[in-house]
Amino acid sequence: MAFRSRGGEQSVYDTPEQLHRNLPKGPDAVPNLWTHQGDVLRAYVSEYQDSPDIALELPTGTGKTLPGLLIAEFVRRTRNCHVAYACPTRQLAHQVNRVALREGIATSLLIGPHGTWDARAHASFAATNTVAITTYSSIFNSSPKLPALGLIVFDDAHAAEQYVAGAYSIHIDRREDEERYQAILDAVRSALDGVHLERLRDSAAVSSIDIDLRVVIPAQDIKVQRRLDSALAETSTGNRRFQLAMVRDGIASCIVLVGPRSILVRPLIPPTNQNALFRDARQRIYLSATLGSGGELERAFGREHITRIPLSDASPTPRAGRRFVVFADLIDGIEREEFMSRLVELAGKALILTPDGLTRDRLVSALQPENWPLYDNENIDTTLDQFREREHGICALAARYDGIDLPDDECRLVILEGLPNKTTLLEAFMSGRARAGAALAERVRTRVTQAAGRCTRGPSDYAVVAVLGPELTNYLIAPENMNALDAEAQAEIQFGLENSAISYEEALENVRTFLERDVSWFEDGETAIVEMRYALDRQLPQGNDALTQAVAYEVEACAEAWSGRWAEASAKMERAAIKVGAGAGDTRAYRAILLYLAGAWAYSASTVQDQQAMVARASDLVRQAEEASHPAQWVRLMSPMASDIPSRMAPEDDFAARKIAKMLSRRGTSGTEQRIERMIQNLSQTGAASYEPGITELGVLLGADASKPSAKGRCDSAWCWGDHRWVAFEAKSAQQPNRPIPHSDIRQVCDQLRLMRQDRDADGIPSGSAAILVTPRQLLAQDAIGAAEEHVYLVTPAEILSIAKAVAKAWETLIRPSKSTGQSLGRRQIYRHYQEHGLLPSLVLDRLTLRQAS
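This section reports on the structure supplied with the text.

Reading guide: rules and limits
- Residues numbered from 1 in each chain as written.
- Predicted model: local features only at pLDDT ≥ 70, side-chain atom pairs only at ≥ 80, totals over all residues.
- Heavy atoms only, no water.
- Phe/Tyr/Trp six-rings, centres within 6.5 Å; stacked < 30°, edge-to-face > 60°.
- Helix = DSSP H or I, 4+ residues; strand = E, 2+ residues; numbered from the N terminus.
- Buried < 20%, exposed > 50% of the residue type's maximum accessible area, 1.4 Å probe, protein only.
- Lys NZ or Arg CZ within 6 Å of the ring centre and 35° of its normal.
- Axes fitted to C-alpha atoms, helices over the stretch in contact; angles between N-to-C directions.
- Parallel < 35°, antiparallel > 145°, perpendicular 65-115°, else oblique.
- Contact = heavy atoms within 4.5 Å.
- Nonpolar A, V, L, I, M, F, W, Y, C, P; charged D, E, K, R; others polar.
- Pairing = 2+ DSSP bridges.
- Polar contact = N/O pair within 3.5 Å; in protein donor to acceptor, adjacent residues only side chain to side chain.
- Disulfide = S-S within 2.5 Å.
- Core = buried A, V, L, I, M, F, W, Y, C linked by side-chain atoms within 4.5 Å.
- Left-handed = near helix turned anticlockwise from the far one by under 90°.
- Arc of directions from axis to C-beta.
- Salt bridge = Lys/Arg side-chain N within 4 Å of Asp/Glu carboxyl O.

Section: the packing of aromatic side chains
Part 1 of the argument: Scanning all chains against the criterion turns up 22 aromatic pairs.
Part 2 of the argument: Aromatic pair phenylalanine 324 and phenylalanine 514: ring centres 5.5 Å apart, planes at 50 degrees, arrangement tilted. You can see phenylalanine 324 sitting in strand β12 (residues 322–327) and its partner phenylalanine 514 sitting in helix α21 (residues 504–515), a full 190 residues away along the chain. For the pair shown, phenylalanine 324 and phenylalanine 514 are each scored as buried.
Part 3 of the argument: Here the aromatic cluster, defined as three or more aromatic residues joined through ring pairs, consists of Tyr136, Phe140, Phe154, Tyr163, Phe278, Tyr286 and Phe301.
Part 4 of the argument: Sitting over the ring of phenylalanine 242, arginine 241 keeps its end group 5.3 Å from the ring centre.
Part 5 of the argument: Between the NZ or CZ atom of arginine 412 and the centre of the ring of tyrosine 462, over which it lies, the distance is 3.7 Å.

As structure tokens, this is what we get:
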């Protein structure tokens with residue numbers, strides 16, 4: 001009988017590098033580590049073996065998997081402990097497992113439900129003979145089946161928000177379960193105003209584009225907490241029970257986001273401290289394509305501090321291949337879809353990445369050649385290898401930016417459309433109505449970087465990256481976003497811009513030259529990018545340091561709230577808000593969210609301690625939140641916590657209510673319906689002769705002194721609510737939508753508020769006033785980028801028409817009492833009525849100023 005021994009396998013080496021040299025590698029294994037990989041491994045051994053949380057930076061395509069596996073195997077052997085290497089998806093887990101086996105590292109692939117794990121692989125891992133290759137979901141669930149771990153390595157940690165916070169989230173999709181949606185909506189009904197609730201209850205709301213996303217904080221109302229818990233319990237059958245188990249203990253500390261198509265229930269930061277498997281691991285290592293900034297990793301994993309291991313200054317900058325960026329919307333002389341179809345055929349295969357399924361399906365329908373197979377979210381985890389091997393094919397994925405590696409000839413074309421800043425309702429709220437995009441900036445930047453690098457996985461690799469759509473194009477070419485990327489990416493984008501505003505024949509020829517590796521590419525293209533790269537530096541956005549300093553307090557505050565220690569949670573969240581307040585720009589808007597949560601938790605604390613003092617504190621924090629949120633108005637739309645926390649009336653709203661009351665008392669209702677009908681007709685057209693009077697009439701019905709200024713060079717319509725808020729409109733409603741906005745349009749609208757001040761002989765322009773360019777165009781011309789002043793905003797004719805239709809509906813009920821009794825509503829009644837319909841001037845301006853023209 002031949003007996004076996006673990007002795008050879010258990011050999012212990014002083015460093016992961018030494019281990020790598022002695023592993024029984026396969027024929028395709030990496031013979032030698034890259035310099036930067038070795039530098040990271042040496043830094044780990046010399047300085048970070050005892051750090052509980054560390055992040056390793058190895059940019060996309062520069063080989064982070066192998067160092068992670070070597071550390072995992074090194075720790076398993078030196079500490080004789082259980083080690084798990086966790087991946088976001090099963091497909092990536094299979095990919096990592098293949099790499100490990102190729103490099104001679106013994107693994108146990110433990111993915112999927114616990115009951116389906118291979119018994120021998122599980123036993124080998126339990127005996128600490130192997131490293132477990134698993135998924136995030138095996139760790140973050142209501143009952144993890146892995147044993148206590150000495151080390152957890154998280155691959156693609158920059159994608160953790162989707163997979164960690166997702167485990168602590170309940171998402172109700174109305175299109176899949178109307179009954180459950182209505183049950184949860186009913187549970188939070190008291191936190192929503194009547195008109196808004198009525199619109200949401202209508203099943204037709206699922207196709208609406210103008211119903212606001214609202215936020216409910218259960219901590220404010222014990223009745224909401226109880227109804228929400230009961231509704232979730234009653235509708236959580238099957239696998240939903242496990243979802244509920246993840247959040248039920250902390251339901252009061254969660255945020256409920258209510259939209260017309262879905263509802264999301266989740267904490268601001270996942271309570272990973274409640275997960276013993278994660279919390280009690282001796283060490284957690286986060287492998288990331290970027291170390292991130294602003295506390296993004298800490299928020300994603302619910303950790304107060306994660307130590308970064310940056311690349312050594314002495315390390316050569318790792319290269320991830322060359323990307324030729326093409327901005328398809330800037331190409332002249334051809335429809336975008338036709339150009340892209342030719343590009344797809346030229347490349348032979350294409351990877352399409354979008355933030356949502358609708359955009360993905362639209363692109364597939366437009367670009368998929370006949371008889372080319374399609375690989376998408378439904379089958380990619382099992383069919384990616386088929387796509388790799390096919391000569392032709394389309395791989396189209398929604399909200400999937402990681403774990404799809406297509407090096408060399410496996411794919412040479414990446415198509416990107418849409419900005420990935422709204423993948424959840426919380427992100428949609430923060431990047432939209434709350435205007436707190438600064439807190440998401442690193443996450444969005446990483447997603448875009450990851451997406452662009454899916455087909456360049458090594459120093460000599462190359463691929464075309466086609467950028468589609470005004471949203472992503474405007475994002476990439478905006479200086480503050482471009483400058484925050486690494487120098488290589490900045491150079492590629494700048495070169496792409498310079499070589500996209502050309503004819504489609506030239507653009508296709510450039511792509512052909514690049515893909516065929518023609519000598520002219522290296523002489524002209526490659527040389528130009530390299531020269532640009534050496535002249536560029538990365539500049540992180542303002543406020544980044546403040547977000548980093550705040551994150552520990554945020555994590556602590558959310559943990560306290562989860563455990564029901566409301567006073568402590570409020571105090572720590574207020575400290576976080578103070579730290580965030582040290583920043584600039586959008587960090588102020590994120591500060592408003594933190595202050596409001598601090599106020600809600602202080603109010604919740606008033607039920608158990610020092611009621612009068614805590615209510616007063618809550619009132620002050622909510623007041624600060626409203627001030628910090630300006631010009632956004634979401635705080636004013638929140639459910640009041642108590643009658644003794646007053647809601648303030650903005651002066652422009654009071655002006656409008658008084659003005660409308662006078663209109664009703666003087667004119668009555670005679671001719672009003674005809675005026676409203678004419679306004680809708682005018683705003684449904686594009687010609688200036690009809691459209692401009694329509695905008696002015698809309699202003700009148702919103703309680704403004706509205707008119708078209710008569711002097712030369714003035715705006716098309718001016719709205720003034722006394723000296724409280726002004727709006728100047730330049731209407732370009734007749735423009736063709738598929739062209740960029742020229743510099744001349746931006747300059748024209750910039751001066752209009754100053755001209756209004758001059759015409760009104762006013763001392764100054766009221767704070768919060770805006771100049772609005774109404775245009776169907778979304779893309780800025782290159783010379784228009786950065787030309788707009790901060791008070792200039794872009795609005796589509798569709799949005800103006802949506803507001804007009806809301807006004808028509810509000811006036812329909814407003815004039816009803818006059819018709820039946822002959823008496824008009826008073827100022828306060830009108831104010832409440834307009835507030836319920838979202839038509840107070842402050843709320844309308846919130847809608848009109850969502851998109852700056854910069």
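Structure's up, so let's keep going.
Some remarks on the packing of helix α13 (residues 336–347) against helix α14 (residues 357–367)
Part 1 of the argument: Remark: α13 packs on α14, axes separated minimally by 9 Å, with the N-to-C direction vectors making an angle of 70 degrees. In terms of orientation, α13 and α14 fall into the roughly perpendicular class. Within the contact between the two elements, α13 uses Arg336, Glu337, Met340, Ser341 and Val344 and α14 uses Arg362, Ala366 and Leu367.
Part 2 of the argument: Partitioned by chemical class, the residues of the contact of α13 with α14 number four nonpolar, one polar and three charged.

Things to note about the sheet that holds strand β15 (residues 393–398)
Part 1 of the argument: Read across the sheet, six strands follow the order β12-β17-β16-β13-β15-β14 without closing on themselves; strand pairing throughout is parallel. At either end of the open sheet lies a strand with only one pairing partner, and these are β12 and β14 (374–376). This sheet shows a mean twist of 20 degrees between the axes of neighbouring strands, independent of strand direction.
Part 2 of the argument: As paired strands, strand β13 (residues 349–354) and strand β16 (residues 413–417) are joined by three bridges and run parallel to one another. Residue pairing for β16: leucine 351 is matched across the bridge by valine 414.

A look at the pairing of β13
Part 1 of the argument: Across the six residues of β13, six count as buried, placing the element largely inside the fold.
Part 2 of the argument: Residues Lys349, Leu351 and Leu353 of β13 are buried on one face, and the alternating residues Ala350, Ile352 and Thr354, pointing to the opposite face, are buried as well.
Part 3 of the argument: With six bridges joining them, β13 and β15 adopt parallel strand pairing. Bridge pairing in β15 links isoleucine 352 to alanine 396.

Let's talk about the environment of lysine 64
Part 1 of the argument: Of note, lysine 64 is situated in the loop between β1 (53–57) and α3 (65–79).
Part 2 of the argument: Here the alpha-carbon distance between lysine 64 and serine 288, two residues 224 residues apart in the chain, equals 7.8 Å.
Part 3 of the argument: Lysine 64 has contacts with Leu58, Asp155, Asp156, His158, Leu287, Ser288 and Ala289, leaving out every residue within four places of it along the chain.
Part 4 of the argument: At a separation of 2.7 Å, a polar atom in the side chain of lysine 64 contacts the side chain of aspartate 156.

Quick notes on the sheet that holds strand β5 (residues 151–154)
Part 1 of the argument: Reading across from one edge, β3-β4-β2-β5-β10-β1-β11 is the order of the seven strands in this open sheet, with parallel pairing throughout. Lying at the two open borders of the sheet, with one neighbouring strand each, are β3 (107–109) and β11 (307–309). Adjacent strand axes in the sheet meet at a mean angle of 25 degrees when their direction is disregarded.
Part 2 of the argument: As paired strands, strand β2 (residues 83–87) and strand β4 (residues 131–135) are joined by four bridges and run parallel to one another. From the neighbouring strand, tyrosine 85 faces β4, where its bridge partner is isoleucine 133.
Part 3 of the argument: Sitting on the sheet, α3 touches β1, β2, β4, β5 and β10 (283–288), and the angle it makes with β2 is about 160 degrees.

So, the state of the cysteines
Part 1 of the argument: According to the stated counting rule, one finds zero disulfides in the structure shown.
Part 2 of the argument: Residue cysteine 750 stays outside any disulfide, its sulfur separated by 13 Å from that of cysteine 715, the closest cysteine.
Part 3 of the argument: For cysteine 750, a relative accessible area of 0% translates into the label buried.

Examining unusual backbone geometry
Part 1 of the argument: Note the cis peptide between histidine 630 and proline 631, where omega equals 10 degrees.
Part 2 of the argument: Inspection of the secondary structure assignment puts proline 631 in the loop between α26 (611–629) and α27 (651–667).
Part 3 of the argument: The backbone of arginine 435 sits at a positive phi, close to 55 degrees, despite the residue not being glycine.
Part 4 of the argument: Secondary-structure assignment places arginine 435 in the loop between α16 (425–431) and α17 (441–452).

Let's talk about the nonpolar core
The nonpolar side chains of soluble globular proteins are, as a tendency, buried together.
Part 1 of the argument: Formed by 96 residues in total, the largest nonpolar core has its most connected members in Leu268, Met573, Tyr590, Tyr596, Trp601 and Trp634.
Part 2 of the argument: Apart from residues no more than four positions distant in its own chain, leucine 268 is found in contact with Ile255, Leu426, Cys558, Met573, Tyr590, Leu594 and Leu597.
Part 3 of the argument: Formed by 56 residues, the second largest nonpolar core is a distinct cluster that contains Leu149, Ala160, Tyr181 and Ile184.

Things to note about the pairing of strand β21 (residues 770–774)
Two faces belong to every sheet, and in a regular strand the side chains alternate between them.
Part 1 of the argument: Along β21, five of the five residues are buried, which leaves the element largely enclosed by surrounding structure.
Part 2 of the argument: Where burial is concerned, the two faces of β21 agree: the one with Ala770, Ile772 and Val774 and the one with Ala771 and Leu773 are both buried.
Part 3 of the argument: The pairing of strand β20 (residues 725–731) with β21 spans five bridges and is classified as parallel. Residue pairing across strands places phenylalanine 729 opposite isoleucine 772, the latter belonging to β21.
Part 4 of the argument: In this sheet, strand β22 (residues 792–795) lies alongside β21 in parallel orientation, the contact comprising four bridges. If you follow isoleucine 772 over to β22, its bridge partner there is tyrosine 793.

Some points on the packing of helix α23 (residues 544–562) against helix α25 (residues 587–605)
Part 1 of the argument: In the contact formed by α23 and α25, the axes pass within 12 Å of each other and the chain directions differ by 25 degrees. Overall, the two elements α23 and α25 adopt an arrangement that is roughly parallel. Crossing angle aside, the handedness with which α23 passes α25 is left-handed. Contacts between α23 and α25 involve Leu547, Glu554, Ala557, Cys558 and Ala561 from the former and Thr587, Tyr590, Leu594 and Trp601 from the latter.
Part 2 of the argument: In terms of residue class, the contact of α23 with α25 is built from seven nonpolar, one polar and one charged.

Digging into helix α31 (residues 752–760)
Part 1 of the argument: Turning to α31, its buried residues number three or more, namely Gln752, Leu753, Leu755 and Met756. Taken down its axis, α31 places every buried residue within 160 degrees of arc, on the same side.
Part 2 of the argument: On its buried face, α31 sits against β19 (717–721), β20, α30 (743–750) and β21.
Part 3 of the argument: Looking at the residues trailing α31, positive phi occurs at aspartate 761, about 55 degrees.

Some words on the pattern of salt bridges
Part 1 of the argument: Within the structure shown, the criterion is met by 71 salt bridges.
Part 2 of the argument: Between arginine 248 and aspartate 229 there is a salt bridge, and its shortest N-O distance comes to 2.8 Å. Remark: aspartate 229 occurs in helix α9 (residues 222–235) and arginine 248 occurs in the loop between α10 (240–247) and β8 (255–258); sequence separation between them is 19 residues.
Part 3 of the argument: Given a relative accessible area of 21%, aspartate 229 falls into the partly exposed group.
Part 4 of the argument: For the salt bridge of arginine 623 with aspartate 620, the shortest nitrogen-to-oxygen distance reads 2.5 Å.

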